[in-house]
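One letter stands for each residue in the lines below.
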Amino acid sequence: MKELYDVLIIGGGVVGSAAARELARYKLKVAVLEKNLDVCNETSGRNSGVVHGGFAYDTGTLKAKLCVEGNRGMDELSAELGFKFNRCGKVLVGTTKEELHSLERTVEQGKRNGVQGLTIINEEELHHLVPKAVGKFAMYSKNSGIVDPFNYTIALAENAVLNGVRYFFDTNVISICRNANIWQVHTPRGIFCSRWMINAAGLGCGNISDMLGIRGYKIIGSKGDYIVLDKRTGSLLPMPVYPVPTNTYMGIHVTNTTDGNVIIGPNADDVTDFTYYGVLQKNLDYLIKSASRIWPCIQRNDCIRNYSGILPKLVDDKGTVQDFKIEIRPDLAPDAVNLVGIESPGLTAAVPIAHLVIEMMKEYIKLEKNPSFNPYRKQQQRFSELSDQEKAKMIVSNHDYGEVVCRCEKVTKAEIIRAIHNPLGVHTVSGIKYRTRAMMGRCQGGYCQMRVTSFIEEELGIAPEDIQLERSGSYMFTGTMR
Amino acid sequence: MEKKDAVIIGGGPAGLAAAVALYKDGIQNIIILEREKNLGGILRQCIHDGFGLVRFRTTMSGPEYAKQFIDEIQEFGIPYKTGTAVLNVSDDHIVTAASPAGIEKIEAKAVIFAMGCRERTRGALQIPGERPSGIFTAGVAQAYMNLYNRQIGKEIVILGSGDIGMIMARRLTLEGAHVQAVYEIQSVPSGLPRNIQQCLDDYNIPLFLSHTVTDIRGKGRLESLTVQKVDEYMKPIPGTEKEHVCDTLILSVGLIPENELTLDAGIALDVRTRGAIVDENCQTDHRGFFAAGNVLHVHDLADYVSLEAESLAASAAEYIRKGILAECVIPVTYCSSIHDVVPQRVSGTKDVVLSMRVNKPLLNCTISIMQNGKQIAMKQMKKILPAEMIRIPVQRTAMSSSGTVEVDII
Amino acid sequence: MKKEITCIICPNGCSLEIETDSSGNFLSVSGELCPRGKGYAEQEVSDPRRTIATSVRLLGGELPLASVRLTKPVPKVRIFDIMKEIRSVKIWAPAVTGTVIIHNILGLESDVIVTKDVAEIKQE
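Residues numbered from 1 in each chain as written. Chains lettered and ligands numbered in written order. Predicted model: local features only at pLDDT ≥ 70, side-chain atom pairs only at ≥ 80, totals over all residues. Heavy atoms only, no water.

Q: I'm lost on the sheet that holds strand β20 (residues 338–342) of chain B in this one. Help?
A: Two strands in a sheet stick together by hydrogen bonds in their backbones, pointing the same way (parallel) or opposite ways (antiparallel). All names here are of chain B. An order of β20-β22-β25 is seen for the three strands of this open sheet, with the pairing classed as antiparallel. If you trace the sheet from one side to the other, it starts and ends with β20 and β25 (390–394), each paired once. Across the sheet, the axes of successive neighbouring strands diverge by a mean angle of 25°, strand direction being ignored. Where β20 meets strand β22 (residues 352–358), four bridges bridge the pair, whose relative direction is antiparallel. When the sheet's bridge partners are listed, Ile338 is paired in β22 with Val358. (Pairing = 2+ DSSP bridges. Helix = DSSP H or I, 4+ residues; strand = E, 2+ residues; numbered from the N terminus. Axes fitted to C-alpha atoms, helices over the stretch in contact; angles between N-to-C directions.)

What follows is the structure, encoded as structure tokens:
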């Protein structure tokens with residue numbers, strides 16, 4: 001008799017992990033099936049990490065409503081789960097009369113959506129906020145902010161696991177069928193059975209929706225490239241600076257990160273291949289040129305890395321982008337919540353989306369509260385951010401805090417070993433990277449990756465040829481030399 | 001707080017030579033802080049020979065070269081701490097370091113930066129394409145193979161004809177890998193000619209100049225890449241695409257002096273060398289802070305790193321004894337054919353060695369050093385390559401204590 | 001016949017132009033800045049030799065490998081035979097610089113010596 005879950009969530013991104021955590025508040029047997037080797041590998045981890053205010057979306061849409069809710073709840077959520085959230089604000093800069101009118105309309109829409117703290121400011125006020133921004137005026141959104149999407153998703157997932165949810169990695173869905181009111185999900189690891197399904201598959205939402213029996217949704221991928229700048233530039237950008245958006249596209253912006261880097265991007269190209277994350281040369285040049293218009297502090301020498309992300313946009317026959325589709329279709333797929341087209345502001349709205357999913361489920365089943373649910377996850381303090389006295393104390397408690405392994409980000413052996421023994425059981429090199437910041441500095445692991453891979457091998461008893469960088473099949477070594 | 005006459009940050013070739021020279025000069029209240037578990041720095045992984053040709057008149061491997069200095073460190077009992085990473089250097093001479101023993105702060109009369117350099121990465125180069133595993137900078141590949149006993153791949157393409165890349169081409173070939181080709185974006189090789197001979201020609205590994213990698217493919221591990229010829233502006237020429245099916249890409253595309261601690265202390269860097277701006281004493285623009293070796297400017301011979309560090313030590317010793325060194329107000333300027341010159345300031349009252357690199361290869365020319373319209377030193381060269389650092393001694397007797405020093409090529 | 005090579009003896013890397021007769025025998029060389037260059041050129045023509053550096057497996061040491069090199073250049077054509085021989089060797093820590101681990105390898109009059117000190121792992 002196969003194990004029977006109460007809820008199976010397809011997708012371990014920010015939405016799937018938020019759903020997992022929220023469902024753990026109830027007495028349910030929950031599992032997450034994630035096709036990659038870690039959470040947050042696709043869309044959730046490939047964006048600029050902005051917590052949106054909620055003014056950019058049409059009034060009355062789920063995007064608007066859930067974004068505003070998510071924004072409001074972020075202080076409490078980040079405190080509960082121990083991840084960094086910086087409510088630093090955001091400015092949208094402009095120079096022409098049309099842009100000013102557009103921003104005024106945006107303020108109105110924002111107010112209708114329930115967003116607080118939106119004002120139009122003049123050049124002087126703009127430069128008081130962001131001295132290096134270029135613009136004659138700006139819309140200032142006081143309540144916008146930034147998160148590290150990895151910290152955030154990992155925090156949700158780890159709290160879910162703490163509360164009994166199981167995560168299965170390297171587990172893609174091959175097919176789904178329904179038998180005697182039970183969903184059967186076929187994967188390379190075997191068949192998973194569950195009463196309820198949640199499609200939180202992001203880029204795979206169209207495929208999973210089809211497999212559930214809800215066919216016909218059209219998903220377009222909107223691919224954008226990003227460039228990461230050295231931390232030395234971070235002090236020049238106290239909050240994200242955006243251009244005035246068009247109807248469909250937020251424009252190439254510059255965003256500070258919670259760790260002090262700056263991210264430039266994204267451009268927006270329509271794609272149908274959701275597996276190709278290659279960055280194109282012309283896009284890189286275009287990003288720098290475009291972003292320099294609103295924030296002229298970009299030097300080639302400061303570019304340390306680039307990456308790419310794809311947003312799954314639900315479109316109609318005419319190609320017009322639709323609102324989030326969050327539905328239960330009892331006629332086609334009973335006991336399944338279908339999430340389609342969860343693109344931006346999915347990161348901001350993840351927990352409100354999870355709440356909505358649960359509210360919808362409650363119309364069909366009774367959910368009993370889990371009295372032992374623990375909403376808290378302790379914030380992991382970074383050694384590099386401690387005072388000298390605190391550092392000294394940490395070293396006394398564990399000498400491995402005195403061994404600095406990643407010199408660019410000042411990450412210690414103790415932090416790396418702790419990350420290797422993470423609650424999700426992730427053991428890819430990138431997994432350790434995102435949990436500690438090792439290898440994310442200017443030398444990009446040139447100094448420390450050898451130590452990091454050795455620690456993974458030693459701590460987990462993994463052979464060199466089995467060490468993976470990030471994705472399935474991304475082996476680093478072909479074996480030992482001798 | 002502990003007080004030292006000198007704190008040397010980095011126990012590689014520069015730090016070791018500086019420490020030994022200081023100690024022998026009688027400055028003994030010193031300490032070397034090295035973050036690795038052993039002294040030697042980058043030399044630990046440079047197991048090929050070619051070190052010591054100038055200094056010891058014999059060829060030896062990197063570790064053997066380091067051992068010459070490490071033996072003296074042990075013999076004289078020169079203080080050093082390994083497994084100790086410097087976290088910060090403040091401009092008031094406090095060095096903060098972390099080790100398993102705790103956090104320590106040392107007040108140093110003289111701070112000597114000897115941190116070496118890091119490698120330019122794919123991200124910094126902005127090579128387009130996917131992000132599979134199997135892409136390594138040459139130094140990382142070298143460390144994996146020589147220190148960690150890891151075989152990194154079977155079918156290799158190397159981008160960049162820097163010395164480390166060529167040395168790794170040979171290393172990988174000797175270990176049974178197939179190096180398909182070395183590509184170099186410039187029209188001239190960036191490494192030394194003898195490495196082209198003994199690392200590439202000897203093993204029939206082709207070197208293609210004016211080429212670069214323009215696309216990378218692979219979902220998990222590297223599967224293939226595209227190379228293209230480039231024009232004189234180093235832009236890829238359409239129609240020249242060539243595909244390589246391979247599993248490893250090695251990048252040997254440049255070294256960058258590792259000056260984060262230097263910048264934290266508020267010290268100015270030279271945009272050309274990306275190292276500190278120094279005078280003939282190797283003193284930076286902050287009194288009592290010195291720099292030598294790869295952290296100052298990228299060298300191609302460890303032997304010269306040692307000489308530079310020893311010269312620094314002589315000046316640092318004087319600084320420690322007197323509390324000050326004579327100011328060097330004479331700027332050193334150079335013509336457009338020259339990429340950089342170190343030191344950037346001289347006093348005109350001391351013998352000095354000017355180290356420089358050219359921007360492009362030159363044949364049959366003379367490097368002429370002028371001051372006040374008079375030639376004060378010169379070196380005739382049959383051939384000059386950007387890959388080779390040129391050192392020209394200038395005698396004190398030839399110089400005057402005022403007047404810009406100009407380096408020209410005729 | 002003329003041939004151009006780079007001398008690998010010292011950092012100068014002189015570009016040498018070698019003149020040989022029709023049977024490939026050395027006639028003359030130009031371009032060298034020192035007498036060793038002439039010797040190298042002659043050797044290159046008649047019997048090219050190289051020295052190599054590699055590693056052997058070190059057991060019980062702080063590092064898994066000890067770097068080694070040849071003490072004398074060996075015929076270029078035998079390099080891969082030598083590599084095969086060296087690959088089969090394992091030594092025990094401590095590794096001491098200068099220790100001969102293979103004497104007169106393959107009868108080619110060169111020894112293989114350790115080039116790095118590596119301490120034994122401390123037993124706790």
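Q: What should I look at first to understand the interface of chain A and chain B in this one?
A: Interface size is often expressed as the accessible area that is lost when the parts come together. Listed by partner, the interface residues are 55 residues for chain A and 50 residues for chain B. Of the roughly 4500 Å² buried between chain A and chain B, counting both surfaces, carbon and sulfur atoms make up 50%. Contact with chain B buries surface across chain A, with Arg407, Met450 and Met481 of chain A losing the most and accounting together for 15% of the total. At the boundary of chain A and chain B, one finds eight salt bridges. When the shortest N-O distance is used, the salt bridge between Arg442 of chain A and Glu260 of chain B registers 3.3 Å. Counting the contacts that link chain A with chain B gives 27 residue pairs in polar contact (both at pLDDT 80 or more). Elements with a minimum of two residues in the side of chain A that touches chain B: α7 (281–294), β18 (303–315), α9 (388–397), α12 (449–460) and β23 (479–480) of chain A. At six residues, α12 of chain A tops the list of elements feeding residues into the side of chain A that touches chain B. When grouped by side-chain class, the residues that make up the side of chain A that touches chain B number 23 nonpolar, 19 polar and 13 charged. Bridging between β23 of chain A and strand β9 (residues 150–151) of chain B involves two bridges; their strand directions are antiparallel. Directly across from Gly479 of chain A, in β9 of chain B, lies its bridge partner Gln151 of chain B. (Contact = heavy atoms within 4.5 Å. Buried area = accessible area lost by both parts, 1.4 Å probe. Salt bridge = Lys/Arg side-chain N within 4 Å of Asp/Glu carboxyl O. Polar contact = N/O pair within 3.5 Å; in protein donor to acceptor, adjacent residues only side chain to side chain. Nonpolar A, V, L, I, M, F, W, Y, C, P; charged D, E, K, R; others polar.)

Q: Is there a simple way to think about helix α10 (residues 413–420) of chain A in this case?
A: Counting along an α-helix, one turn takes 3.6 residues, and residues three or four places apart therefore face a common direction. All names here are of chain A. In terms of residue burial, α10 counts as a mostly covered element, since seven of its eight residues are buried. Buried residues of α10: Lys413, Ala414, Glu415, Ile416, Ile417, Ala419 and Ile420, and no others. Structurally, α10 contributes buried residues whose contacts are with β21 (404–406), β22 (411–412), α11 (429–436) and α12. (Buried < 20%, exposed > 50% of the residue type's maximum accessible area, 1.4 Å probe, protein only.)

Q: Whenever I open this one, the pattern of salt bridges confuses me. Can you help?
A: Close approach of charged atoms lets side chains of opposite charge pair. This structure, assessed with the given rule, holds 65 salt bridges over all chains. Put simply, Glu72 of chain B and Lys24 of chain B hold a salt bridge, and the shortest N to O gap is 2.6 Å. On the criterion of sequence distance, the pair formed by Glu72 of chain B in helix α2 (residues 62–76) and Lys24 of chain B in helix α1 (residues 13–24) is long-range, its members being 48 residues apart. Exposure remark for Lys24 of chain B: the relative accessible area of 52% places this residue in the exposed category. The network of salt bridges with shared partners includes Lys84, Lys231, Asp259, Arg382, Glu385, Glu409 and Arg437 of chain A.

Q: Help me understand the environment of Asp269 of chain A, please; the structure alone is not making it clear to me.
A: Residue and element names in this part refer to chain A. If you trace the backbone, Asp269 turns up in strand β17 (residues 269–271). Judged by its relative accessible area of 29%, Asp269 is partly exposed. Along the backbone, Asp269 and Ser222 are 47 residues apart, and their C-alpha atoms lie at a distance of 5.5 Å. Aside from chain neighbours lying at most four places away, what touches Asp269 is Gly221, Ser222, Lys223 and Asn283. Here Asn267 takes part through its side chain, which lies 3.2 Å from a polar atom of the side chain of Asp269. A polar side-chain atom of Asp269 sits 3.4 Å from a polar atom in the side chain of Asn283.

Q: Sorry, what's going on with unusual backbone geometry here?
A: Comment: phi is negative for the bulk of residues other than glycine, and the bulk of peptide bonds are trans. Residue and element names in this part refer to chain A. Each neighbour pair has its own omega, and for Gly265 with Pro266 the value is -10°, a cis peptide bond. Note on placement: Pro266 falls in the loop between β16 (262–265) and β17. Phi is positive for Cys40, which is not a glycine, with a value near 65°. Its place among the elements puts Cys40 in the loop between β2 (30–33) and β3 (50–51).

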